[in-house]
Amino acid sequence: MGRWRLAPCALVYNGGRRNDRAQNRLALGGGGAKGYAHIGVLRALEQLNIYPDIITGTSMGGLVGGLYAAGLSVDRIERVVRQTGLTVLARASLIT
């Protein structure tokens, strides 16, 4: 049976797998314009073949991190942010 454990700002389920390797954790901060920076960080990590096991975020970081954790590619996230606009996304992050 898998275990649930509480990590800062996230509830993580490990699926019952034993994990002996170090986990990569990524925390993305808030701030509308930082959303673009978060996308660049995700892109750079992928180029280095580094994929986070746990993603947490505040405000815009939570939106970008949530989209990435949901399986959207970095290119798709960038298109969503550019097409939707930071103002609309910032308002959405205040609601959630």
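The preceding data block contains the structure.
Calculation notes
- Within every chain, residues take consecutive numbers counted from 1 along the sequence as written.
- Local features are withheld for residues below a pLDDT of 70 in this predicted model, meaning they are given only at 70 or higher, and side-chain atom pairs are given and counted only at 80 or more; totals for whole chains, interfaces and linings count all residues.
- Just so you know, side-chain values use all the structure's heavy atoms and leave hydrogens and water out.
- Comment: elements are numbered from the N terminus, with helices defined as DSSP H or I runs of at least four residues and strands as E runs of at least two.
- Remark: exposure states derive from per-residue accessible area (1.4 Å probe, protein chains only) relative to the maximum for the residue type, with buried under 20%, exposed over 50%, and partly exposed in between.
- We call two residues in contact when some of their heavy atoms are within 4.5 Å.
- Computed with the Shrake-Rupley method and a 1.4 Å probe, the accessible areas treat only the protein chains shown as cover for residues.
- Each reported salt bridge corresponds to a side-chain nitrogen of Lys or Arg within 4 Å of a carboxyl oxygen of Asp or Glu.
- Polar contact is the term for a pair of N or O atoms within 3.5 Å; when the atoms are in protein, one must be able to donate a hydrogen and the other to accept it, and sequence-neighboring residues count only if both atoms are side-chain atoms.

(A) A look at the overall build of the protein. Looking only at helices and strands, one finds four helices and four strands in the protein. In the protein, the succession of helices and strands from N to C terminus is β-β-β-α-β-α-α-α. Residues counted as buried form 26% of the 96 residues belonging to the protein. Sequence separation of 24 or more characterises 63% of the internal contacts of the protein that already satisfy a separation of 6 or more. Only carbon and sulfur atoms are counted for the fraction: they give 56% of the accessible area of the protein, which is about 6500 Å².

(B) The environment of Gly66, seen in detail. Locating Gly66 in the fold gives a position in helix α2 (residues 60-69). Classification of Gly66 by relative accessible area gives partly exposed; the value is 35%. C-alpha of Gly66 to C-alpha of Thr56: the two residues are ten residues apart in sequence and 8.1 Å apart in space.

(C) Local environment of the pattern of salt bridges. If you walk through the whole model with that rule in mind, you get three salt bridges. Residue Arg43 pairs with Asp75 through a salt bridge whose shortest N-O separation is 2.7 Å. With Arg43 in helix α1 (residues 34-47) and Asp75 in helix α3 (residues 74-84), this residue pair connects regions lying 32 residues apart in the sequence. Arg43 serves as the salt-bridge partner of Glu78, at 2.6 Å between the closest nitrogen and oxygen. Taken together, the residues Glu78 in helix α3 and Arg43 in helix α1 connect sequence positions 35 residues apart. Residue classification places Glu78 among the partly exposed residues on the basis of a relative accessible area of 22%. On the basis of relative accessibility, which here comes to 26%, the residue Arg43 falls in the partly exposed class.

(D) Representation of the environment of Thr84 within the structure. Structurally, the position occupied by Thr84 is in helix α3. Of note is the side chain of Thr84, whose polar atom sits 2.7 Å from the backbone oxygen of Val80.

(E) Geometry of unusual backbone geometry. The phi torsion at Asn49 lies on the positive side, around 55 degrees, for a residue other than glycine. For Asn49, the position within the fold is in the loop between α1 and β4 (54-57). In this structure Asn49 comes out as exposed when scored by relative accessible area, which is 60%. Positive phi outside glycine occurs at Ser59, with the angle close to 55 degrees. With respect to the secondary-structure elements, Ser59 resides in the loop between β4 and α2.

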